[in-house]
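# Examination of the molecular architecture
Residue-level listing of the chains:
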Amino acid sequence: MANSGPKSGQRIVMKFGGTSMAGTERIRRVANIVRAQAAAGHQVAVVVSAMAGETDRLVNFCREANALYDPAEYDVVVSSGEQVTSGLLALTLQSLGSKARSWLGWQLPVKTIEAHAKARIETIDAPGLIEALEGGEIAVIPGFQGISEDGRITTMGRGGSDTSAVAIAAAVKADRCDIYTDVDGVYTTDPRIVAKARKLKAVTYEEMLELASVGAKVLQTRSVGLAMKSGVRIQVLSSFVGEDSVSADELPGTLIVSDEEMDQLVENGDMERQHVTGIAHDKNEAKIILTRVPDKPGAVAHIFEPLADASINVDMIIQNVGRDKGETDVTFTVPQADLARAQALLEDRISEIGFNRIITDSHIAKISVVGVGMKSHAGVASTMFRALSDRGINIQAISTSEIKVSVLIDEDETELAVRVLHTAYGLDSTEEAA
Ligand code: ADP
Ligand code: ASP
Ligand code: MG
């Protein structure tokens, strides 16, 4: 895969998110960005999302039709948003004089495992697509959708078009996968929350993976993992730019890079090494407390096995110091969407697990600081705890990994906590974000 070299004659995958595709006017703007890359001599495959808000609207229809909806039929409904935008973009490109056609998930095909609503891509048969690209045709591909072994439509989880784009880029051995969105790159934190967030020239795969998994939804987590595994070069950039703005070939956005490339950037003075690269928040988790669980071997396994069997991801876990009488409280978090299911599963097993009461709370947020610099630098966690306590923000749970520290706090304090930490780690920009 070429990392540098000629600026023309490359193979590029361009992905446009929902805000970029919201309405015919914006689709025309997208078509012009795509045509500029084709005019620069590149072979271009475009992956598109549904119009902003459309997938939510379709999900609601499913809920209204049948609260306990069949995920296979859910996929039939929610995949339709991308079918519309892929056809509209192909039509718009044609109207501007470009050779273009849409390639639906089942036509390529994008083969996935059968897990409806959270499918994983297994293979993409690229020869037909590559032939079309080599013939100078712009390929427009709906993101988010694939086809299962038994021929049914699948979707890849919310935000899944990012993963579709990276998978297509890997399949066609693209030189670059440009993810166009409504911000002009990856920032030190969500620029919608902190006006002083700073745009990063580059982020390592490892850091981006961690940032995405703790709530920085600018990229779907799985897309970053896939890019890291298959060596796809990602750039995140804005589709809301003027006609005379810098070409994507000049890499105006944020590059997701390997550790080695990052070292090189630091050496060249293009990046400075910070202990903390970014801060993310996630309001989509819920807390569960089981009180008076027997403090003996096997008790915790009894709690978490049924959740694992039901594919419910448990994130932060704390087992409180044992009380008298060999009992302890166990606190953990699950995705809010799985809270009702988790609660029902645990209540069904109250005697088997032996807890006294189950207490749940959705009014929480997880705030995380991420940075590879943490590996070699002590004191990152204590800076976090001090900065939060100085503002009277109470920490309900803590979890850490090699390059991340997360805390659970009251949801109402989310924005304040993110701002305070952004300042505490010296990440504030002197200019306001656009
Ligand atoms: P798209 O529809 O293009 O896929 P998303 O809404 O999924 O766009 O992702 C873009 C959004 O991600 C931005 O509007 C921004 O609010 C949010 N975001 C969260 N964290 C970050 C971050 N660290 N840097 C940039 N954007 C972020
Ligand atoms: N339209 C889908 C969603 O809103 C997929 C995507 O946009 O990435 O989740
Ligand atoms: Mg997205």
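Scope of this entry: the structure provided in the associated data block.

What counts and what doesn't
Residues numbered from 1 in each chain as written. Chains lettered and ligands numbered in written order. Predicted model: local features only at pLDDT ≥ 70, side-chain atom pairs only at ≥ 80, totals over all residues. Heavy atoms only, no water. Pairing = 2+ DSSP bridges. Helix = DSSP H or I, 4+ residues; strand = E, 2+ residues; numbered from the N terminus. Axes fitted to C-alpha atoms, helices over the stretch in contact; angles between N-to-C directions. Contact = heavy atoms within 4.5 Å. Near = heavy atom within 4 Å. Polar contact = N/O pair within 3.5 Å; in protein donor to acceptor, adjacent residues only side chain to side chain. Areas by Shrake-Rupley, 256 points an atom, 1.4 Å probe, with all protein chains shown as cover. Buried < 20%, exposed > 50% of the residue type's maximum accessible area, 1.4 Å probe, protein only.

## Some points on the sheet that holds strand S14 (residues 285-294)
The antiparallel open sheet is built from four strands, whose spatial order is S15-S16-S14-S17. On the outer flanks of this sheet lie strand S15 (317-319) and strand S17 (357-361), each paired with one strand and no other. Here the strands of the sheet are splayed against their neighbours by 15 degrees on average, with no regard to which way each runs. In the sheet, S14 pairs with S17 via five bridges, with the strands oriented antiparallel. By the bridge assignment, Lys287 is partnered in S17 with Asp361. Packing against the sheet, helix H10 (residues 299-309) makes contact with S14, S15 and strand S16 (327-335), and its axis sits at approximately 20 degrees to S16.

## Some words on the site of ligand 2
Around ligand 2, the surrounding shell consists of Ser49, Thr55, Glu82, Phe144, Arg158, Gly159, Gly160 and Ser161. A distance of 2.6 Å separates a nitrogen atom of ligand 2 from a polar atom in the side chain of Glu82. Contacts to ligand 2 include Arg158, whose side-chain N or O atom sits 2.7 Å from an oxygen atom. Against a free-state accessible area of 260 Å², the protein chains account for coverage of 86% of ligand 2.

## What about the sheet that holds strand S11 (residues 234-238)?
A sheet is described by the order of its strands in space; here eight strands give the open sequence S3-S6-S2-S1-S9-S11-S12-S10, paired in mixed fashion. Sheet topology places strand S3 (100-102) and strand S10 (202-204) at the edges, where each strand pairs with a single neighbour. Ignoring strand direction, the axes of neighbouring strands in this sheet form an average angle of 20 degrees. On top of the sheet, helix H5 (residues 127-134) reaches strand S1 (11-16), strand S2 (43-48) and strand S6 (138-142); it is set at about 125 degrees to S2, its chief contact. Against the sheet, helix H6 (residues 161-171) makes contact with S1, S2, S6, strand S9 (176-181) and S11, and its axis sits at roughly 175 degrees relative to S1, the strand it touches most.

## Topic: the side chain of Arg176
Relative to the helices and strands, Arg176 resides in strand S9. Relative accessible area serves as the criterion here: at 5%, Arg176 is assigned to the buried category. In this structure the side chain of Arg176 is engaged in a polar contact, spanning 2.7 Å, whose partner is the side chain of Asp178. Excluding its chain neighbours within four sequence positions, the residues that come into contact with Arg176 are Gln10, Arg11, Ile12, Val13, Gln37, Arg233, Gln235, Ala248, Asp249 and Leu251.

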